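# Commentary on secondary and tertiary structure
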Amino acid sequence: MRIGLAGVGRIGAFHASTLSGLDAVDEVVVADLDSSLAERVATEQGLRHAPDIDTLLGSGLDAFVVTTATTAHAALLRQALAAGIPTFCEKPVAATLDETIALTELSEATDTPVHIGFQRRFDAGYRRAQAAVASGELGTVHALRALTHDQEPPHAAYIPTSGGIFRDCSVHDFDIVRFVTGHEVATVYATGENKGADFFGAAGDVDTAAAVLTLDDGTLVTATSTRYSGGGHDVRLEVMGSAGSIAVGLDDSLALRSAEEGVTFPAGPPHRSFMERFLAAYRAELTAFCDVAAGRTPSPCTVRDALQAFRTAEACELSRAERRVVAMSEIPDAPVRAKATA
């Protein structure tokens, strides 16, 4: 399999290295708007590079991976679909809800698979939690607690283009709640504050946020996010049921210390970044994408899945701005249309 990759920043270079080590991949070709960066990464990793992304897309690829800046995702996904190339795209699909809806409709009107990069779906802990819910092991699930706490904030220039903390950070929690429970969000109430650097407020964003989600079966979810988790990168999910509870991320890397005397758990050290926390999951999702591109399995995370997480983030931003409960029915969605049959 010959795979092209567009965008060789931190995550792109990591994905390129991972892909080149997979048995299903014969060749990885990289490109970037900065052609010198693409050439350097290709040289360092023993890969080929294309002079630009258009040339890459026209070079006879079996699959395409998009790891560029968010602003380029939509256009590249449209190009790949027009060319009929199976594509993996890091979240978000697009910077706006309208464009995400349009891409959902476009992707569902073709037979070309698209796999969106919500890597938590491939983390062993989250998959175990999903299995526990699906099997009935936990009884009736009544509440979930999700959190994404970054150890330190990104650089100031990133925040104005991030889409805000709910779209950039909590969106992973919104997706994984759907994945684990199999239910949709019905209403949200969200709030946030800025107690850190001034550049968050200057961009209309916050550095710490919380949301209460009510699912369509009445299950309650709390989701918190922050850019200032000084004790370490902290990503967890707790699922509470009538017959038992389960936690994802409750291991010796937990960025939390007990106030109780004599307790030595967790032994540490904590994770320092999302790349470290989800190293195995990133590898698993790209392995799965190779199966998708080869036609062996359907996409495990579609553009519509990405849309639903994005819609929840949109609802949270509206709720924060207007200080009220927002029903998901207020947020535009892509119509579901049956595929035409021959």
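Residues numbered from 1 in each chain as written. Predicted model: local features only at pLDDT ≥ 70, side-chain atom pairs only at ≥ 80, totals over all residues. Heavy atoms only, no water.

### Regarding the UniProt feature "domain: Gfo/Idh/MocA-like oxidoreductase N-terminal" (unreviewed entry) in the protein
The following threshold applies: UniProt positions are given in the numbering used here, feature names are shortened, and annotations may be inferred rather than shown by experiment. Helix and strand assignments follow DSSP, with helices taken as H or I runs no shorter than four residues and strands as E runs no shorter than two, numbered in order from the N terminus.
Here, the residues flagged by UniProt with the feature "domain: Gfo/Idh/MocA-like oxidoreductase N-terminal" (unreviewed entry) are residues 1-118. In this annotation, residues 1-118 is assigned 45% helix and 20% strand; the end-to-end C-alpha distance for the span is 23 Å.

### What about the sheet that holds strand E3 (residues 48-49)?
Hydrogen bonding along the main chain pairs the strands of a sheet, whether they run parallel or antiparallel. Applicable threshold: Think of it this way: DSSP has to see at least two bridges between two strands before they count as a pair.
Strand order in the open sheet made by the six strands is E3-E2-E1-E4-E5-E6, with parallel pairing throughout. Two strands lie at the open edges of the sheet, namely E3 and strand E6 (114-117), each paired on one side alone.

### A look at a nonpolar patch on the surface
Where we set the bar: Like-charged residues within 9 Å of one another, or nonpolar side chains (Val, Leu, Ile, Met, Phe, Trp, Tyr) within 5 Å, are grouped into patches, provided each residue has over 30% relative accessible area and no salt bridge. All accessibility values rest on the Shrake-Rupley procedure with a 1.4 Å probe; residue burial counts only the protein chains present in the view. Note on definitions: salt bridges are taken to be side-chain nitrogens of Lys or Arg within 4 Å of carboxyl oxygens of Asp or Glu. The rule is simple: take the accessible area with a 1.4 Å probe, protein chains only, and divide by the maximum for that residue type; under 20% is buried, over 50% is exposed, in between is partly exposed.
Taken together, Tyr189, Val212 and Val325 make up a surface patch of nonpolar side chains, about 250 Å² in accessible area. Along the polypeptide, Tyr189 turns up in strand E8 (residues 185-193). On the accessibility criterion, Tyr189 (35% relative accessible area) is partly exposed.

### Description of the UniProt feature "domain: GFO/IDH/MocA-like oxidoreductase" (unreviewed entry) in the protein
The positions UniProt marks with the feature "domain: GFO/IDH/MocA-like oxidoreductase" (unreviewed entry) are residues 126-246. Secondary structure over residues 126-246 splits into 30% helix and 36% strand, and the C-alpha atoms at its two ends are 10 Å apart.

### A closer look at the side chain of Asp207
The criterion, for reference: Only heavy atoms enter the contact rule, under which two residues are in contact if any of them lie within 4.5 Å.
Along the chain, Asp207 falls in the loop between helix H9 (198-202) and strand E9 (208-215). Not counting the four nearest positions on each side in its chain, Asp207 is found in contact with Ile165, Glu193, Asn194, Lys195, Gly196, Ala197, Phe200, Ser225, Thr226, Arg227 and Tyr228.

### Re the nonpolar core
Note the cut-off: To qualify as a nonpolar core, a set must consist of buried Ala, Val, Leu, Ile, Met, Phe, Trp, Tyr and Cys residues joined through side-chain atoms within 4.5 Å.
Core analysis: the biggest nonpolar cluster contains 78 residues, and Phe64, Ile116, Phe166 and Val239 have the highest contact counts within it. The element best represented in this core is helix H8 (residues 165-181), accounting for nine residues. Contacts of Phe64, omitting those with residues within four sequence positions, involve Gly4, Ala6, Ile53, Leu56, Leu57, Leu76, Ala80, Ile85, Pro86, Thr87, Phe88 and Phe289.

### Observations concerning the packing of helix H5 (residues 97-108) against helix H12 (residues 303-322)
Keep this limit in mind: Between N-to-C directions, angles span 0 to 180 degrees; the directions come from axes that are lines fitted to C-alpha atoms, helices contributing only their stretch in contact. The scheme is simple: roughly parallel for angles under 35 degrees, roughly antiparallel for over 145, roughly perpendicular for 65 to 115, oblique for anything else. Left-handed describes a crossing whose near helix is turned anticlockwise from the far helix through less than a right angle; right-handed describes the clockwise counterpart. Any residue that is not Ala, Val, Leu, Ile, Met, Phe, Trp, Tyr, Cys, Pro, Asp, Glu, Lys or Arg is counted as polar, Gly included; the first ten are nonpolar and the last four charged.
Viewed as axis vectors pointing N to C, H5 and H12 meet at an angle of 160°, and their least axial separation amounts to 9 Å. Considering the angle they form, H5 stands roughly antiparallel to H12. Relative to H12, H5 is oriented so that their crossing is left-handed. Seen from H5, the contacting residues are Leu97, Thr100, Ile101, Leu103, Thr104, Ser107 and Glu108; seen from H12, they are Val303, Arg304, Leu307, Phe310, Arg311 and Glu314. Class assignment for the residues of the contact of H5 with H12 results in six nonpolar, three polar and four charged.

### What about the packing of aromatic side chains?
Which entries qualify depends on this criterion: The pairing test for Phe, Tyr and Trp rings, Trp by its six-membered ring, is centres within 6.5 Å, and the orientation test on the planes gives stacked under 30 degrees, edge-to-face over 60, and tilted for anything in between.
In the structure shown here, the tally under the stated rule is five aromatic pairs. Both rings, one in Phe200 and one in Tyr228, keep their centres 6.2 Å apart while their planes meet at 65°; by these two values the pair is edge-to-face. Here Phe200, found in helix H9, pairs with Tyr228, found in the loop between strand E10 (220-226) and strand E11 (234-241); they are 28 residues apart in sequence, far enough to count as distant. Members of the aromatic cluster, each reached through a chain of ring pairs, are Phe14, Phe274 and Tyr282.

### Brief notes about the environment of Ala210
Among the structural elements, Ala210 can be located in strand E9. Excluding residues within four positions of it along the chain, Ala210 makes contact with Phe166, Tyr189, Ala190, Thr191, Ala223 and Thr224.

### Details of H8
Quick note on the threshold: A helix is expected to span 1.5 Å multiplied by its residue count minus one. We define the bend at each residue as the angle formed by axes fitted to the 7 residues ending at it and the 7 residues starting at it.
Taking 1.5 Å of rise per residue, the 17 residues of H8 would be expected to cover 24 Å, and the 23 Å separating its terminal C-alpha atoms lies within 8% of that figure. The largest bend in H8 is about 50°, located at Val171. Buried residues dominate H8, accounting for 16 of its 17 residues. Looking one or two residues past H8, Gly182 carries a phi angle of roughly 75°, positive in sign.

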